[in-house]
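# An overview of the molecular structure
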Amino acid sequence: MTDHIRIEQSDRLITVAFNRPDKRNAITQDMYQAMTDAVNAYAVDDENRALMITADGAGDGAYFTAGNDLQDFAMGPRGENNPPVIQFLHAIKDCPKPLIAAVNGPAIGVGLTLTLHCDLVYAAQSATFSAPFVKLGLVPEAASSLLLPEAIGMAAAMDVFMTGRTLTSEEALRMGLISRMFDDAEFDARARELAMVVANAAPNAMRHAKALVRNRNAEITDRMMAESVHFANQLQSPEFGESVAAMMAKRPAFYP
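How each quantity is defined
Residues numbered from 1 in each chain as written. Predicted model: local features only at pLDDT ≥ 70, side-chain atom pairs only at ≥ 80, totals over all residues. Heavy atoms only, no water. UniProt positions renumbered as here; feature names shortened; annotations may be inferred. Axes fitted to C-alpha atoms, helices over the stretch in contact; angles between N-to-C directions. Helix = DSSP H or I, 4+ residues; strand = E, 2+ residues; numbered from the N terminus. Parallel < 35°, antiparallel > 145°, perpendicular 65-115°, else oblique. Contact = heavy atoms within 4.5 Å. Salt bridge = Lys/Arg side-chain N within 4 Å of Asp/Glu carboxyl O. Buried < 20%, exposed > 50% of the residue type's maximum accessible area, 1.4 Å probe, protein only. Phe/Tyr/Trp six-rings, centres within 6.5 Å; stacked < 30°, edge-to-face > 60°. Lys NZ or Arg CZ within 6 Å of the ring centre and 35° of its normal. Patch = residues over 30% accessible without salt bridge, like charges linked within 9 Å, V, L, I, M, F, W, Y side chains within 5 Å. Areas by Shrake-Rupley, 256 points an atom, 1.4 Å probe, with all protein chains shown as cover.

The name that an unreviewed UniProt entry assigns to the chain is Enoyl-CoA hydratase-related protein, with the source organism given as Altererythrobacter rubellus. Here is the UniProt Subcellular location (unreviewed entry) comment for the chain, exactly as written: "Peroxisome". UniProt, in the comment section headed Sequence similarities (unreviewed entry), describes the chain in these words: "Belongs to the enoyl-CoA hydratase/isomerase family."

This is the structure in structure tokens:
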């Protein structure tokens, strides 16, 4: 377990919150493991009926998550054949019970792609969404190359992937990426209110409804696996090295 993930249970609702504001809630391998354990425990727990992923400390300049902590990942994978990030992605993909994302700040990289596996996505008006994988010399992950075009359309998804375009909450709502948007001042209360509607609904009906809508597990798993091969290769590539070096030096990247 890690102090950078806060887990709270109340009234049949599990809240899993990023709690690393000094690092813009960048996700480490330990954080992925804590979230995986929480989602897997929830999946087989008959008492709790909804799980909401959010972030603590949201507000001016705060983040939902800035994505993966590249320095932590550069130290080497944990569980080489099944690292915590892969475990987490499969946990949210396979979870048979309702998952909710309450996005209360910028959602970058996996911050966006994890929402594609959530059944309801609520966003504060100040939240933004981006997936700058190509800008980092990487490729889409979490089956986002399949799910994002389906959610917002091929042209818009390619704009997000290829140019690093950042979507506002208003744009995300209009495109169908999120379920609802709320003013920042009322966001936490409204997101919890709707999460409680889900938590108090008929549990078996909820499971069946989710299974009927999300009935493409094998296809999504195959896409995740295909992405992971390219992602792993790009992590070892000169392109990724140059992208990180340029970002650290605050200069444009150059790819010969």
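## With respect to the packing of helix 5 (residues 144–152) against helix 10 (residues 217–235)
Viewed as axis vectors pointing N to C, helix 5 and helix 10 meet at an angle of 120°, and their least axial separation amounts to 8 Å. Considered as vectors, helix 5 and helix 10 are oriented oblique to each other. Two secondary-structure elements touch here, helix 5 through Ser144, Ser145, Leu146 and Leu147 and helix 10 through Glu219, Ile220, Arg223 and Glu227.

## Some details on the pattern of salt bridges
Between side chains of opposite charge, pairing is possible as soon as their charged atoms come close. If you walk through the whole model with that rule in mind, you get 13 salt bridges. Salt-bridge contacts for arginine 192 lead to aspartate 11; the nearest nitrogen and oxygen are separated by 3.8 Å. On the criterion of sequence distance, the pair formed by arginine 192 in helix 8 (residues 184–199) and aspartate 11 in the loop between strand 1 (5–10) and strand 2 (13–18) is long-range, its members being 181 residues apart. By relative accessible area, which is 27% here, arginine 192 ends up partly exposed.

## Some words on the packing of aromatic side chains
Under the definition given, this model contains 3 aromatic pairs. A ring pair is formed by phenylalanine 18 and phenylalanine 64, whose centres lie 5.3 Å apart and whose planes are at 80°; its orientation type is edge-to-face. With phenylalanine 18 in strand 2 and phenylalanine 64 in the loop between strand 3 (50–55) and helix 2 (70–74), this residue pair connects regions lying 46 residues apart in the sequence. Here phenylalanine 18 matches phenylalanine 64 in class, with each residue buried. Seen from their ring centres, tyrosine 122 and phenylalanine 182 are 6.2 Å apart, and the 50° between their planes marks the pair as tilted. Of the two residues, tyrosine 122 is situated in strand 6 (residues 120–124) and phenylalanine 182 in strand 9 (residues 180–182); the sequence distance between them amounts to 60 residues. In this structure, lysine 97 packs its charged tip against the face of tyrosine 42, placed 4.1 Å from the ring centre.

## Structural notes on a nonpolar patch on the surface
Judged by side-chain polarity, Met154, Met158 and Met162 come together as a nonpolar surface patch covering roughly 320 Å² of accessible area. The residue methionine 158 is located in helix 6 (residues 154–163) in this model. The exposure class of methionine 158 is partly exposed, given its relative accessible area of 32%.

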